[in-house]
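Commentary on secondary and tertiary structure
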Amino acid sequence: MSTDPDVELTEETIFTWGAPPLKFGAGAVDEVGFEMSQFGAKRVLILTDPGISATGIPQRVAESLTQYGIRSEIFDGCHVEPTDDSMDKAAGYAREQGPWDGFVAVGGGSAIDTAKAVNLITTDGGELMDYINKPVGGAKAPSGQLKPMIAIPTTAGTGAESTGTCVMDVLSMKVKTGISHWRLRPTLAVVDPLLTLTLPPEVTAASGMDIVCHAVESYTARWFDTFDRKRPEDRVAYCGSNPVSDLWCERSMGLIAKSFRTAVHEGDNLEARTNMMMAATFAGMGFGNAGVHIPHANAYPIAGMVKDYRPAGYPQDEPMVPHGQSVSLTAPEAFRFTFDSAPDRHVRAASWLAPNMEKLDDASEQLPAALTQLMRDIGIPNGIGAVGYSESDIDELVPGTMKQQRLLSVCAKTPDEEDIARIFANSIENW
């Protein structure tokens, strides 16, 4: 590398890594009032969904806030698998009832992501579409620091408590997309494994597959120094795999191997639930910086174009493909495609996820085999065919994936439309 300051660097030499402070452990949720009081907040909005609201957890949060002289209101209209419409409604409520000194999100990634969007819009103004990633939206960056936001996950899955990303369906385009900026990261993540003990096995399985894909996609993402050099103002949330993100991904995969199946089949096993909450947070610390790629890019049209599929364990009032299912359905085939970009990393990921699995003659099948065995053991649907798609839908699914260039650019082997079509076709059934 040249040391001459007049020579312009063309290859990246810098990676970024960040995560919010973390409070982890049984009973942590009851310390939220103290934590929010440290920011001087006097009036706080708690955002959650109707299902979580019915459990009484948001009310516990409100009581904790009251103990420290903080007034709060609960908005329980967050949509499971949020849309631009549901986020606009939440932001509208927050604007009308505001101003607020801070926000607390209680729920899965849906509630946490909604709270991120609400915090952004009520602090910076404008409309949701101004901030949504290109080419769907304007990709406007937040102008400054947002309000304090505490994230309390109730599922072991999205890792949204660790990341600067929020995801939603844009209904008019039938596509899932998001907003990405480090300022969206929660100010504090409060992770209490006790909150997950009553999750149905189907929700545990789906949300856990999101952890799996976060960890494996980040671990196999394009290495940070293979990107073109960026100016400081152009740095993005996803910088590619790097030494720090790798550590979190490896640790997450190890916890998954140890506890995922147990958490699904023995929901009251606190050790397994604790390990999966830790795995979700660790994977968030990995992918929130390194980035995810093809399985997540494919998941957006799979979820956004859903027909009649109504998954067990979830609200039945409308069709949906849960995010954790949608990211996993094409993952085995996606990692067959990316294998030759980093064979050693794919084999190592398989060994983390399935340490006791015998070595296959074809190394490219090691990771897909580990994934499909796990998916079968925990009851994930067998491919996109099981959630309502067929060969005739592939031409419509592919454009939705190709819109996710923010994700596809992180892939170590850049796919074209034919590659994505082949991945979908070979994912109609996974076993």
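Residues numbered from 1 in each chain as written. Predicted model: local features only at pLDDT ≥ 70, side-chain atom pairs only at ≥ 80, totals over all residues. Heavy atoms only, no water.

**A few points about the overall build of the chain**
- For the chain, the count of helices and strands is 17 helices and 8 strands.
- Against the globule reference of 22 Å for 431 residues, the chain gives a C-alpha radius of gyration of 20 Å, in line with a compact fold.
- Projected onto its principal axes, the C-alpha coordinates of the chain cover approximately 65 × 60 × 40 Å.
- The buried share of the chain, reckoned over its 431 residues, is 57%.
- Per element, the accessible surface of the chain, about 17,000 Å² overall, is 50% carbon and sulfur.
- Taking the 35 positively charged and 57 negatively charged side chains of the chain as two groups, their mean positions are separated by 4 Å. (Helix = DSSP H or I, 4+ residues; strand = E, 2+ residues; numbered from the N terminus. Rg over C-alpha atoms; globule rule 2.2 N^0.38 Å. Buried < 20%, exposed > 50% of the residue type's maximum accessible area, 1.4 Å probe, protein only. Areas by Shrake-Rupley, 256 points an atom, 1.4 Å probe, with all protein chains shown as cover. Lys, Arg positive; Asp, Glu negative; His and termini not counted. Charge placed at Lys NZ, Arg CZ, Asp CG, Glu CD.)

**Comments concerning the sheet that holds strand S8 (residues 188-191)**
- Taken in spatial order, the 6 strands make up an open sheet running S1-S8-S5-S4-S2-S3, and their pairing is parallel. Both outer strands of the open sheet, strand S1 (22-24) and strand S3 (71-75), are each paired with one neighbouring strand and no more. Averaged over all pairs of adjacent strands, the angle between strand axes in this sheet comes to 15°, irrespective of strand direction.
- Sheet analysis places strand S5 (residues 149-153) next to S8, joined by 2 bridges and oriented parallel. (Pairing = 2+ DSSP bridges. Axes fitted to C-alpha atoms, helices over the stretch in contact; angles between N-to-C directions.)

**Structural notes on empty space enclosed by the protein**
- In this structure the tally under the stated criterion is 4 cavities of 30 Å³ or more.
- Here the largest cavity defines a volume of roughly 90 Å³.
- Taken together, Glu12, Ile14, Thr16, Phe224, Phe227, Lys230, Arg235, Val236, Tyr238 and Cys239 make up the lining of the largest cavity.
- For the lining of the largest cavity, the per-class residue count stands at 6 nonpolar, 1 polar and 3 charged.
- Its boundaries defined by the atoms lining it, the second largest cavity holds a volume of some 50 Å³.
- Lining the second largest cavity, in full, are Ala156, Thr196, Leu199, Thr204, Ser207, Gly208, Ala263, Arg273 and Met276.
- Counting residues per element, the ones that place at least two in the lining of the second largest cavity are helix H7 (201-219) and helix H9 (270-290).
- At 3 residues, H7 tops the list of elements feeding residues into the lining of the second largest cavity.
- Residues that form the lining of the second largest cavity fall into these classes: 4 nonpolar, 4 polar and 1 charged. (1 Å grid on protein atoms, 1.4 Å probe; cavity = no way out; pocket = protein on both sides within 12 Å on 5 of 7 lines; lining within 4 Å. Points joined across faces, edges and corners; volume = space filled by probe spheres on them. Nonpolar A, V, L, I, M, F, W, Y, C, P; charged D, E, K, R; others polar.)

**Digging into the side chain of glutamate 333**
- Within the secondary structure layout, glutamate 333 lies in helix H12 (residues 331-338).
- You can call glutamate 333 buried: its relative accessible area is 12%.
- Ignoring sequence-local partners within four residues, the contact set of glutamate 333 consists of Ile423, Asn426 and Ser427. (Contact = heavy atoms within 4.5 Å.)

**Remarks on unusual backbone geometry**
- A cis amide bond links glycine 98 to the next residue, proline 99, at an omega of 5°.
- By the secondary structure assignment, proline 99 is in the loop between helix H4 (84-97) and strand S4 (102-107).
- In this structure, glutamate 81 takes a positive phi of about 60° despite not being glycine.
- Following the sequence through the fold, glutamate 81 ends up in the loop between S3 and H4.
- Judged by its relative accessible area of 12%, glutamate 81 falls in the buried class.

**A word on the pattern of salt bridges**
- Throughout the structure, instances matching the rule amount to 17 salt bridges.
- Ionic pairing is found between lysine 23 and glutamate 35, a salt bridge with its closest N-O pair at 2.5 Å. In this pair, lysine 23 is assigned in strand S1 and glutamate 35 in helix H1 (residues 32-37), connecting sequence segments 12 residues apart.
- For glutamate 35, a relative accessible area of 15% gives the class buried. (Salt bridge = Lys/Arg side-chain N within 4 Å of Asp/Glu carboxyl O.)

**What about the packing of H12 against helix H14 (residues 366-378)?**
- Close contact between H12 and H14 brings their axes to 8 Å; oriented N to C, the two are set at 175°. The angle between H12 and H14 falls in the class roughly antiparallel. On the side of H12, the interface is formed by Ala331, Pro332, Phe335 and Arg336, while H14 contributes Leu367, Pro368, Leu371, Thr372 and Met375.
- Tallied by class, the residues present in the contact of H12 with H14 amount to 7 nonpolar, 1 polar and 1 charged. (Parallel < 35°, antiparallel > 145°, perpendicular 65-115°, else oblique.)

On their own, these measurements won't tell you what the molecule is for.
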